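One letter stands for each residue in the lines below.
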Amino acid sequence: MSELDDLYQDTILDHGRRPRNFGPLPDATHEAEGYNPLCGDRFKVRLVVDEGVIRDARFEGSGCAISTASASLMTEAMKGRPIEAFSPAFEHVHDLVTGKGAEASDLGKLVVFSGVAAFPMRVKCATLAWHTCKAALDGEEVVSTE
Ligand code: ZN
């Protein structure tokens, strides 16, 4: 198996090519734009937060397969979750992609990003959507991974 096979697992390829939750979100209560200058990934993440719950999450923009799949899987994972669930999920993903290890049971489908740990240049691709979602929740308009 080549390194690229490790990195580009089926789920990442699938979500990279056919991202879920992609498009505008007119009633968004929170939004932020994230940019990863290392790779050129640029996304807007929009959320509808109501009574402390992320009712809806969508994203727009363009980036590589890893960053697109990450945004797709992140929006899927966070929809319907209380906002307090965001930071622990981000920490788990961050630990996973930086090779610190994380409990697979806490990650669900997000575990597919474990291969990224072998490619430090790709960590910012895999976490861009998360940084951007955090910025949106924190009321910041723009975030760069630099
Ligand atoms: Zn990228």
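Refer to the structure presented above.
Residues numbered from 1 in each chain as written. Predicted model: local features only at pLDDT ≥ 70, side-chain atom pairs only at ≥ 80, totals over all residues. Heavy atoms only, no water.

Q: For helix α2 (residues 10-17), give the residues involved together with the corresponding values.
A: Those residues of α2 that fall on the buried side of the exposure criterion are I12, D14 and H15. Down the axis of α2, the buried set is contained in an arc of 165 degrees. They therefore lie on one face. Across α2 from its buried face, at more than 90 degrees, point the exposed residues D10 and R17. (Buried < 20%, exposed > 50% of the residue type's maximum accessible area, 1.4 Å probe, protein only. Helix = DSSP H or I, 4+ residues; strand = E, 2+ residues; numbered from the N terminus. Arc of directions from axis to C-beta.)

Q: Any details on the environment of G63? Residues and values, ideally.
A: With respect to the element layout, G63 can be found in the loop between β3 (53-62) and α3 (65-78). Residue G63 is classed as partly exposed on the basis of its relative accessible area, which comes to 34%. In this structure the C-alpha to C-alpha distance between G63 and G16, which are 47 residues apart in sequence, comes to 9.0 Å. Excluding residues that lie within four positions of it along the chain, G63 makes contacts with D41, F43 and T68. (Contact = heavy atoms within 4.5 Å.)

Q: Help me get a handle on the sheet that holds strand β1 (residues 30-36), residues and values and all.
A: Remark on secondary structure: sheet strands pair via backbone hydrogen bonds, oriented parallel or antiparallel. Pairing within the open sheet is mixed, and its 4 strands lie in the order β3-β2-β1-β4. Unpaired on one side and paired on the other, β3 and β4 (142-144) mark the two borders of the sheet. Each adjacent strand pair in this sheet contributes to an overall mean axis angle of 20 degrees, direction not counted. Contacting β2 (41-50) and β3, α3 crosses the sheet at an angle of about 165 degrees to β3. (Pairing = 2+ DSSP bridges. Axes fitted to C-alpha atoms, helices over the stretch in contact; angles between N-to-C directions.)

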